[in-house]
Amino acid sequence: MKLSFLSIYLVWIATGLAAAPAVAQSAIEVQKKAAEARYYESLVEYEKIPRSRVGSETALAAARSAWALGLSDRAAEEYDLALRSEDLTEEKRARIMLSRGIVELQEGRQQSACLFAQKVTETLPEPGPLRSQAFLLWGQALLAQGAVSAAEEKLTFALSESSPGDMPEIHFQLGECQFQLGKYEEARKHFESVPVHM
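About the thresholds
Residues numbered from 1 in each chain as written. Predicted model: local features only at pLDDT ≥ 70, side-chain atom pairs only at ≥ 80, totals over all residues. Heavy atoms only, no water. Helix = DSSP H or I, 4+ residues; strand = E, 2+ residues; numbered from the N terminus. Contact = heavy atoms within 4.5 Å. Axes fitted to C-alpha atoms, helices over the stretch in contact; angles between N-to-C directions. Parallel < 35°, antiparallel > 145°, perpendicular 65-115°, else oblique. Left-handed = near helix turned anticlockwise from the far one by under 90°. Nonpolar A, V, L, I, M, F, W, Y, C, P; charged D, E, K, R; others polar. Buried < 20%, exposed > 50% of the residue type's maximum accessible area, 1.4 Å probe, protein only. Arc of directions from axis to C-beta. Patch = residues over 30% accessible without salt bridge, like charges linked within 9 Å, V, L, I, M, F, W, Y side chains within 5 Å. Areas by Shrake-Rupley, 256 points an atom, 1.4 Å probe, with all protein chains shown as cover. Salt bridge = Lys/Arg side-chain N within 4 Å of Asp/Glu carboxyl O. Phe/Tyr/Trp six-rings, centres within 6.5 Å; stacked < 30°, edge-to-face > 60°. Lys NZ or Arg CZ within 6 Å of the ring centre and 35° of its normal.

A.B. asks: Can you help me understand the overall build of the chain in this one?
C.D. replies: The helix and strand inventory of the chain stands at 11 helices and 0 strands. In sequence order, the chain lays out its α and β elements as α-α-α-α-α-α-α-α-α-α-α. A sequence separation of at least 24 residues applies to 49% of the contacts in the chain between residues at least 6 apart.

This is how it looks when you write it as structure tokens:
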């Protein structure tokens, strides 16, 4: 049985192989539009891609776009999709979990934010700025729940591993905890460590 070029082409189209270049182009467009802060357009383009063909980078671009548009539940859904990818490095996985935890904190789901922060610290056993941000998130979530002593502990860990750019926020949060705990002198020192910009 001889297959004609037309028969092969029809099989190719029917199996969806013809859509592969279009899907790849859509994935690139989603990422490009998200990078250009064209968030709505990015999500519109994202909707054209079959879920089975969404890669982690495209899901992340969609998550950031949804988050920027205030669509927190949608952002969480896309972050979760990206986390299911098996090709993520530990650092990339930790960054996604941190973003996911921040979404939870912003939505008032502090316990869930604590769990994501804890997962980040377990994923990254070595001290560093990313782990510091997870401890900061954890401390903020605990403080919002009224667990001030526990928040002070996490924020102290955050300060010990932080980058210079994160220190003002950590000092402020730590000062808040210590003020609430009646440690006024320590609180004052942390508040004074926060630069005042005019």
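A.B. asks: It is not clear to me how the packing of helix α4 (residues 56–68) against helix α6 (residues 90–106) should be interpreted in this structure. Could you clarify?
C.D. replies: Helices that pack against each other are described as a pair by the angle of their axes relative to one another and the distance between those axes. Remark: α4 packs on α6, axes separated minimally by 12 Å, with the N-to-C direction vectors making an angle of 25 degrees. Classified by the angle their axes make, α4 and α6 are roughly parallel. In this structure, α4 crosses over α6, and the sense of that crossing is left-handed. Contacts from E57, L60 and W67 of α4 reach α6 at K92, I96, S99, I102, V103 and Q106. Grouping the amino acids of the contact of α4 with α6 by side-chain chemistry returns 5 nonpolar, 2 polar and 2 charged.

A.B. asks: I would appreciate a short explanation of helix α3 (residues 39–46) in the present structure.
C.D. replies: Structural remark: α-helix, 3.6 residues per turn; residues separated by three or four positions point the same way. By the burial criterion, the buried members of α3 are S42, L43, E45 and Y46. Down the axis of α3, the buried set is contained in an arc of 160 degrees. They therefore lie on one face.

A.B. asks: What should I look at first to understand a nonpolar patch on the surface in this one?
C.D. replies: Taken together, the side chains of Y40, V44, L69 and L71 present a nonpolar region at the surface, about 380 Å² in accessible area. Its place among the elements puts Y40 in helix α3.

A.B. asks: Please clarify how the packing of aromatic side chains should be interpreted in this entry.
C.D. replies: Remark: the centre distance and the inter-plane angle together describe each pair of aromatic rings, the angle taken between the planes. Summed over the entire model, instances satisfying the criterion amount to 5 aromatic pairs. Aromatic pair W67 and Y79: ring centres 5.9 Å apart, planes at 85 degrees, arrangement edge-to-face. Note that W67 is positioned in helix α4 and Y79 in helix α5 (residues 72–83), a separation of 12 residues in sequence. Here a set of aromatic residues connected by ring pairs shows up, and it is made of F135, W138 and F157. The ring of F116 carries the charged tip of K119 above its face, separated from the ring centre by 5.2 Å. Sitting above the plane of the W138 ring, K154 keeps its charged end 4.0 Å from the centroid.

A.B. asks: Looking at this structure, how should I read the pattern of salt bridges?
C.D. replies: Working definition: two side chains of opposite charge can pair if their charged atoms are close together. Tallied over the entire structure, the rule returns 18 salt bridges. Where E104 meets R100, a salt bridge forms, and the shortest distance between an N and an O atom there is 2.3 Å. Of this pair, E104 and R100 both sit in helix α6, 4 residues apart, which is roughly one turn of the helix. Three or more residues are tied together by salt bridges with common partners; here these are E47, R51, R74, E77 and E78.

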